Amino acid sequence: MSDFRRPAMPGAHLFDDLPGEPDPAERAAAGHRIASLLVRGAANDADAGLVERVVHLADEEGLGVIAELWSQASAETIAGALWRLYVLRTWVVRDPAGAAREFSAGRAFSPVDVVLAGVVEPPGPDEVIALVDTVVSGIVRPDLDVALDRAASFAHVVAIGRAQMEYGDPHSAARLLDTAKALHRAAELERAGELH
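Residues numbered from 1 in each chain as written. Predicted model: local features only at pLDDT ≥ 70, side-chain atom pairs only at ≥ 80, totals over all residues. Heavy atoms only, no water.

**Looking at the overall build of the protein chain**
Helix and strand counts for the protein chain stand at 9 helices and 0 strands. Ordered by position in the sequence, the α and β elements of the protein chain form the string α-α-α-α-α-α-α-α-α. Burial analysis of the protein chain (196 residues in total) assigns 41% to the buried set. Taking all contacts inside the protein chain whose residues are at least 6 apart in sequence as the whole, residues at least 24 apart take part in 66%. Carbon and sulfur atoms make up 55% of the accessible area of the protein chain, which totals about 10800 Å². (Helix = DSSP H or I, 4+ residues; strand = E, 2+ residues; numbered from the N terminus. Buried < 20%, exposed > 50% of the residue type's maximum accessible area, 1.4 Å probe, protein only. Contact = heavy atoms within 4.5 Å. Areas by Shrake-Rupley, 256 points an atom, 1.4 Å probe, with all protein chains shown as cover.)

**Brief notes about the environment of A151**
Mapped onto the secondary structure, A151 falls in helix 8 (residues 144-164). Residue A151 is classed as buried on the basis of its relative accessible area of 2%. Between the alpha carbons of A151 and A180 there is a distance of 7.3 Å; along the sequence they are 29 residues apart.

**With respect to the pattern of salt bridges**
Using the criterion set out here, one finds 8 salt bridges in the structure. Here E68 and R27 are joined by a salt bridge, their closest N and O atoms 3.2 Å apart. Linking E68 in the loop between helix 3 (63-67) and helix 4 (78-94) with R27 in helix 1 (residues 24-40), this pair joins segments that are 41 residues apart in sequence. With relative accessibility at 25%, the residue R27 sits in the partly exposed group. (Salt bridge = Lys/Arg side-chain N within 4 Å of Asp/Glu carboxyl O.)

**Here we look at the packing of aromatic side chains**
The full count for this structure, using the stated rule, is 2 aromatic pairs. Measuring from ring centre to ring centre gives 5.8 Å for W83 and Y86, while their planes differ by 35 degrees; the resulting arrangement is tilted. Within this pair, W83 and its partner Y86 are both found in helix 4, separated by 3 residues, close to a single helical turn. You can call Y86 partly exposed: its relative accessible area is 21%. Between F103 and F154, the aromatic rings sit 5.5 Å apart at their centres with planes inclined by 15 degrees, giving stacked as the arrangement. (Phe/Tyr/Trp six-rings, centres within 6.5 Å; stacked < 30°, edge-to-face > 60°.)

**Things to note about the packing of helix 1 against helix 4**
Viewed as axis vectors pointing N to C, helix 1 and helix 4 meet at an angle of 80 degrees, and their least axial separation amounts to 8 Å. Considering their axes alone, helix 1 and helix 4 lie roughly perpendicular with respect to each other. Of the residues in helix 4, those touching helix 1 at G31, H32, A35, S36, V39 and R40 are I78, A79 and L82. Per-class residue counts for the contact of helix 1 with helix 4 are 5 nonpolar, 3 polar and 1 charged. (Axes fitted to C-alpha atoms, helices over the stretch in contact; angles between N-to-C directions. Parallel < 35°, antiparallel > 145°, perpendicular 65-115°, else oblique. Nonpolar A, V, L, I, M, F, W, Y, C, P; charged D, E, K, R; others polar.)

**A short note on the nonpolar core**
Counting residues in each nonpolar core, the largest one holds 41 residues, and the members touching the most others are I34, I66, W70, L82, L148 and L195. Counting only elements with at least two residues in this core, the list comes to helix 1, helix 2 (45-61), helix 3, helix 4, helix 5 (96-107), helix 8 and helix 9 (170-191). If you tally residues by element for this core, the top one is helix 8, at 9 residues. Apart from residues no more than four positions distant in its own chain, I66 is found in contact with I34, V54, L57 and A58. (Core = buried A, V, L, I, M, F, W, Y, C linked by side-chain atoms within 4.5 Å.)

**Some details on helix 8**
Helix length check: helix 8 (21 residues) gives 30 Å between terminal C-alpha atoms against 30 Å at 1.5 Å per residue, within 8%. Burial runs high along helix 8: 16 of the 21 residues are buried. (Expected span 1.5 Å × (residues − 1).)

**Focus on the confidence of the model for the protein chain**
Mean pLDDT for the protein chain: 78, with 72% of residues reaching 70 or above. Of all the helices and strands in the protein chain, helix 7 (residues 125-137) carries the lowest mean pLDDT, 61, while helix 9 carries the highest, 94. Counting interchain partners and residues more than four positions distant, the pLDDT-below-50 stretch residues 1-15 has 19 contacts. (pLDDT = per-residue confidence, 0-100.)

Structure (C-alpha cells):
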C-alpha cells in the first residue's frame, strides 16, 4: 500500500512531466473522478480540496481544460454526460441566435420536448443561453436526472428544427439527436442509481 499515490490534479499541463505520451487510462480515470466529485460532491476533506482546485482551474483556464478529460467517456457515465452538456453549452454560447432559430423551427414538431426543455416564449438567444446555463448548473444538485432530461429535450427540439430548416444539415441533425438520446439515457441511469 505504500506505493499508492493520490491521482494528480488535472490541468493544461497535468501530464507534461510524465515520460512519453500521456496514458489514456490515467486521463480517463482523472476525468471520471472529477466528474463524479462535481456531481456527487466531496466525501472527505481531500475530495473537497480537489473540487476547490478543479473549480479554480475552470475559472482560470476555462472549463474546456477539464471537459477535455471527459471527451472519450462513454455516454452512459457521469463524465460522458457532462461532456455532452459541455459541448451543447459551448455550441449555444457560440451561436445563440442559430440555436434559437433551430429551436423555434423544431418546436412545432416536438411540443412535449418544448415543455420539458423549459424555454420561455419566444426563445431568443438570451433565453436559450439561460436555459443551457440552468441545465449545466444543475449538475451539482440532487436532480441531475431532471437536468439531463431537460438538456435532452432541448437537443431533440433543436435537432428536429435543424433538419426542417431550408439550409438544414441532416447529418448534423442526426448527431444532435444521438446526443439527445444519450442525455436521456444518462437521465434514466441516474434515476436507477446506475450512472457512475
